[in-house]
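# Fold and geometry: a report
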Amino acid sequence: MISKSFAIFLYLAALSLSNSRSSNGASICSSSHQRVGGRQFWIQNDTFCKDALPFRIIGGDVHYFRIVPEYWKDRLLRAKALGLNTIQTYVPWNIHEPSPKEYLFEGSTDLEAYIKLAQELGFLVMLRVGPYVCGEWDLGGFPAWLLSIEPALKLRSSDSTYLSLVERWWGILLPKVVPLLYQNGGPVIMVQAKNEYGSFGSDKNYLKFLANLAKNHLGHQTLLYTTDGAGDSTLRSGAISEEGVYAAIDFDTWANSSSAFEIQKKYNLPGNSPPLSTEFYTGWLTHWRENLSTTDAFSTANYLDKILSQNASVVLYMAHGGTNFGFFSGANTDSDNESVYKPDLTSYDYDAPIKEYGDVSNQKYKEIRRVISKYSKTTLPAFPSEILREKYGRVKLSKITNLFNSLDLFSDSSKVVHNENPLPMELVGQMFGFLLYVSEFQEKEGHNTLSIPKVHDRAQVFISCKAFGKNMNNQKYVGVIERWANNAPLNIPNLGCSSNITLSILVENMGRVNYGPYIYDRKGILSAVQLNGFTLHQWKMYPISFDQLVNFSKYSFIKLKYHHKEDESKTPALYRASFIINSTNTIKDTFISFRGLNKGVAFVNNFNIGRFWPVAGPQCTLYVPAPILKQGENILVIFELESVNNELTVDFVTNPDFTCGSTNMAI
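Along each chain, numbering runs from 1 in the same order as the chain's sequence is written. Predicted model: local features are reported for residues with pLDDT of at least 70 only, side-chain atom pairs are reported and counted for 80 or more only, and whole-chain, interface and lining totals are derived from all residues. Side-chain figures throughout are based on the complete set of non-hydrogen atoms in the structure, without hydrogens or water.

### Brief notes about the overall build of the chain
Regarding its fold elements, the chain presents 13 helices and 34 strands. Classification of residues uses two cut-offs on accessible area relative to the type maximum, computed with a 1.4 Å probe and protein chains only: under 20% is buried, over 50% is exposed, and between them is partly exposed. With 667 residues in all, the chain has 58% of them scored as buried. In what follows, a contact means two residues having at least one pair of non-hydrogen atoms within 4.5 Å. For the chain, restricting intrachain contacts to residue pairs at least 6 apart in sequence, the fraction spanning at least 24 positions comes to 79%. In these tables, accessible area is a Shrake-Rupley quantity obtained with a 1.4 Å probe, and a residue counts as shielded only by the protein chains included in the view. A total accessible area of about 26,200 Å² is found for the chain, and carbon and sulfur atoms account for 50% of it. Elements are defined by DSSP. Helices are runs of H or I of four residues or more, strands are runs of E of two residues or more, and each kind is numbered from the N terminus.

This is the structure:
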């Protein structure tokens, strides 16, 4: 016979167990933190809480600006099938405010549409609003026109002019985010107030300014976060938990995650440190002239498993990399030498589980999906279908004109700048691409040496006897001066001219530095230009634009009078090709192989698909997503800086190729 007291004990124990099973989450996530009758996302007891229940973030970075909008849904669905419940994305300032007070939020920059689509597909969103984002993106997401302001701004600091511009930008951006916040019915659960500042500086007043500015726009209930490397020095400089901002971390994939999360706790308020890696690196970036970066699928999955086994949250960087279309790819330098310049590829494949073109048939996707499925509370969606691609074959290029033969087509005469000394691109109003510098000098007998101590990033040098503008074809190629080659001087040959020599220098901006101490990365000629030790003056600067070129019809091209010269193989030139997609055929993704070409930029149907540089490698091909193609005639326009193969051809192929240059790697 059971005693009455023991029976009561059993009843209370059973009741306690029942309550524990049914409302364990509620005991961790007290409803006192939740708005009455409303949605809320917060932190309590070192746990993320969503509507009074514990929530684990299993997310991934998928950047809207690296994907054509027609593919946003496809890539997000592939992320969903990977097992992700949250999407993280940067918001680059430079694509939304390309010039002062010119704001873009439509098409590929329609941030609100992207966030709403993510919500429709069942995702929560973590928004990284900058103002600095890094991300292997030009100038770390800062608009290039910031570099045109005099006196020079001190970026990422308490510089009053800089802060006023940040305040103006966030005054446009953050009100758009407010209705998308989780507590307002949207999917945005967290907003990043700054990114990896601890690796850059230690101005706490700047960080507090950003936090308070974000709170003023988003409200104090919005969960703000920072991200820094999981080390004492970076977190000491970058964390601002005293401002109520949650300190998240990132660390090397193979690092000891348990130790990293213990360090994270030191820089959050007590009970306010749910373990979270906001950048679990699924791969890594690649620069031109390097081997393709890859990481082992099984090892990556195993390290992810270790993090998830600790009941930690994680965001894959990247879940899907995408493409640095146009001129937006960034660059790196060494931490103590800005001349060690390393520009990023056009491809941002990143060796991520969802490949640049959406492929998920790779081992990394399968292994990461297997690991996530172990920790998912719901059954994962069906495995996605394969992306269809087409080999459109070989097309013949027609040489239309060269830079000097049709400078009036490349450069608006009203925008040509005259100055005693060469100016940076930004001060001429040329934020991307190319700028042509022209001056004159008097030829002397004997040895002549041209020196430009500081060029950002690559200069092609030409000389001519004729006064510039009278005979544009008579240009003699001299050589290149390159930032990464310490701007080595050039020997200038004698032309035996009776008049002055015209010196023409075409400078290419190959992408601004996006990380480290040298992010204030102006482009163009940044020093005196000297011949035999004497400084040259009286410069004309011609901004090179492709706006007219890509909009010219085939008839306009035919009207251009081009006369071929045997000695102009190194002269920048414009090429054109066309190919037909039959009206009965489905339009599919493709890649263009630039093997046999040198260096330049390509446009398909007026869309800038990016830079190519196969002689440097490793990237041989550029991705052409189907939405930029059309049934009927498609036009390819190439601006080649040096020379092309004798056959004047390029190939449309089905697979990416990263085996060019001195590398021997493929995916």
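### What about helix H10 (residues 363–375)?
With 13 residues, H10 extends 19 Å between its outermost C-alpha atoms, agreeing within 8% with the 18 Å of an ideal straight helix rising 1.5 Å per residue. Along its buried surface, H10 packs onto strand S4 (58–62), helix H2 (72–82), helix H9 (297–308) and strand S11 (313–320). Two N or O atoms form a polar contact when they lie within 3.5 Å of each other; inside protein one atom must be a possible hydrogen donor and the other a possible acceptor, and for residues adjacent in sequence the pair counts only when both atoms belong to side chains. A side-chain oxygen of the first residue of H10 lies 3.2 Å from the backbone nitrogen of Lys-364; this N-cap is Asn-362. An expected span of 1.5 Å times one less than the residue number is assigned to each helix.

### Some remarks on the packing of helix H5 (residues 160–177) against helix H6 (residues 204–218)
Interhelical geometry of H5 versus H6 gives an angle of 30° and a closest axis separation of 9 Å. Classed by the angle they form, the pair H5 and H6 counts as roughly parallel. In terms of crossing hand, the pair formed by H5 and H6 is right-handed. Contact residues: Tyr-162, Leu-163, Val-166, Glu-167, Trp-170, Gly-171, Leu-174, Pro-175 and Val-177 in H5; Tyr-206, Phe-209, Leu-210, Leu-213, Ala-214, His-217 and Leu-218 in H6. Within the contact of H5 with H6, the residues separate by chemical class into 13 nonpolar, two polar and one charged. Fitting a line to C-alpha atoms yields each axis, with helices limited to the stretch in contact; the angle taken between N-to-C directions then spans 0 to 180 degrees. By definition in this entry, angles of less than 35 degrees are roughly parallel, angles greater than 145 are roughly antiparallel, angles of 65 to 115 are roughly perpendicular, and the rest are oblique. For any pair of crossing helices, the crossing counts as left-handed if the nearer helix is rotated counterclockwise from the farther one by less than a right angle, and right-handed if it is rotated clockwise. Side-chain classes are defined by residue name, with Ala, Val, Leu, Ile, Met, Phe, Trp, Tyr, Cys and Pro counting as nonpolar, Asp, Glu, Lys and Arg as charged, and the others, Gly among them, as polar.

### Observations concerning the environment of Pro-131
Topologically, Pro-131 is positioned in the loop between strand S6 (124–128) and H5. For the pair Pro-131 and Phe-142, spaced eleven residues apart in the sequence, the C-alpha separation amounts to 6.9 Å. Setting aside anything within four residues of it in sequence, one finds Pro-131 in contact with Trp-93, Gly-140, Gly-141, Phe-142, Tyr-162, Val-166, Trp-170, Tyr-206 and Leu-210.

### Some words on the sheet that holds strand S32 (residues 621–624)
One open sheet holds the four strands; their spatial order is S14-S34-S29-S32, and the pairing between them is antiparallel. This sheet does not close on itself; its edge strands, each paired only once, are strand S14 (393–396) and S32. Each strand of the sheet is rotated relative to its neighbour by a mean of 25°, with strand direction disregarded. One bridge is not enough; two strands pair if DSSP finds at least two bridges between them. Where S14 meets strand S34 (residues 649–653), four bridges bridge the pair, whose relative direction is antiparallel. If you follow Arg-394 over to S34, its bridge partner there is Asp-651.

### Concerning the state of the cysteines
Whenever a pair of cysteine sulfur atoms sits within 2.5 Å, that pair is classed as a disulfide. By the definition in use, this model includes three disulfides. At a sulfur-sulfur separation of 2.1 Å, the disulfide partner of Cys-29 is Cys-49. Because the sign of the S-S torsion sets the handedness, a value of about -80° for the bond joining Cys-29 and Cys-49 places this disulfide among the left-handed ones. With Cys-29 in the loop between helix H1 (4–28) and strand S1 (41–44) and Cys-49 in strand S2 (residues 47–50), the pair connects residues that are 20 residues apart, well separated along the chain. Note on Cys-49: relative accessible area 0%, which makes it buried.

### Examining the nonpolar core
Judged by nonpolar contacts, the single largest core of 138 residues is most densely connected at Leu-173, Leu-636 and Ile-638. Broken down by element, this core gets its largest block of residues, nine residues, from H5. Look past the residues within four positions of Ile-638 in its chain and what remains in contact with it is Leu-397, Ala-573, Leu-574, Tyr-575, Phe-594, Leu-597, Val-601, Ala-602, Phe-612 and Val-650. In these notes, a set of buried Ala, Val, Leu, Ile, Met, Phe, Trp, Tyr and Cys residues joined through side-chain atoms within 4.5 Å is what counts as a nonpolar core. Judged by nonpolar contacts, the second largest core, of 28 residues, contains Leu-435, Leu-450, Val-478 and Ile-481.

### Some words on H5
Relative to the 26 Å expected for 18 residues at 1.5 Å per residue, H5 spans 25 Å between its end C-alpha atoms, a close match to the ideal helical length. Most pronounced at Gly-171, the bend in H5 amounts to some 30°, and the proline Pro-175 follows within four residues. Every buried residue of H5 is accounted for by Tyr-162, Leu-163, Leu-165, Val-166, Trp-169, Trp-170, Leu-173, Leu-174 and Val-177. With a side-chain oxygen positioned 2.9 Å from the backbone nitrogen of Thr-161, the residue opening H5 is Asp-159. Note that bend, as reported per residue, equals the angle between axes fitted to the 7 residues terminating at that residue and the 7 residues originating from it.

### Some points on the packing of aromatic side chains
Note on ring pairs: Phe, Tyr and Trp rings are taken, using the six-membered ring of Trp, and paired if centres are within 6.5 Å. Classes follow the plane angle, with under 30 degrees stacked, over 60 edge-to-face and the rest tilted. Counted according to the given criterion, the structure contains 46 aromatic pairs. With centroids separated by 5.9 Å and ring planes inclined at 80°, the aromatic side chains of Phe-142 and Tyr-162 adopt a geometry described as edge-to-face. Note that Phe-142 is positioned in the loop between S6 and H5 and Tyr-162 in helix H5, a separation of 20 residues in sequence. With a relative accessible area of 0%, Phe-142 lands in the buried category. Aromatic ring contacts, followed pair by pair, group Trp-93, Phe-105, Tyr-132, Phe-142, Trp-145, Tyr-162, Trp-169, Tyr-197, Phe-200 and Tyr-206 into a single cluster. A cation over an aromatic ring shows up here: Arg-39 above the ring of Tyr-182, its NZ or CZ 3.8 Å from the ring centre. Lying across the ring of Phe-534, Lys-444 places its NZ or CZ 5.4 Å from the centre. Cation placement over rings: the criterion is NZ of Lys or CZ of Arg within 6 Å of the ring centroid and within 35° of the ring normal.

### What about the confidence of the model for the chain?
Scored from 0 to 100, pLDDT records how confident the predictor is in each individual residue. Averaged over every residue, the pLDDT of the chain is 91; residues scoring 70 or more account for 90%. Segment residues 1–23: pLDDT under 50, and two contacts once partners within four positions in sequence are set aside and those in other chains are kept.

### Structural notes on unusual backbone geometry
Of note, the bond from Tyr-317 into Met-318 is cis; its omega dihedral lies within 30 degrees of zero at 0°. Among the structural elements, Met-318 can be located in strand S11. A cis geometry characterises the amide bond from His-456 onward to Asp-457, with omega recorded as 20°. Summarising the element assignment, Asp-457 is placed in the loop between strand S19 (455–456) and strand S20 (458–464). One non-glycine residue, Asp-51, adopts positive backbone phi at about 50°. Tracing the backbone shows Asp-51 in the loop between S2 and strand S3 (53–54). Among the residues examined, Asp-51 registers a relative accessible area of 28% and is labelled partly exposed. Positive phi, close to 55°, is recorded for Asp-351, a residue that is not glycine.

### Observations concerning the sheet that holds strand S22 (residues 490–491)
Strand order in this open sheet of four strands is S22-S18-S25-S26, and the pairing throughout is antiparallel. Edge positions in the sheet fall to S22 and strand S26 (534–535), since each of these pairs with one other strand and no more. When strand S18 (residues 449–451) meets S22, the two strands line up antiparallel, connected through two bridges. Bridging from a neighbouring strand, Leu-450 pairs with Leu-490 of S22.

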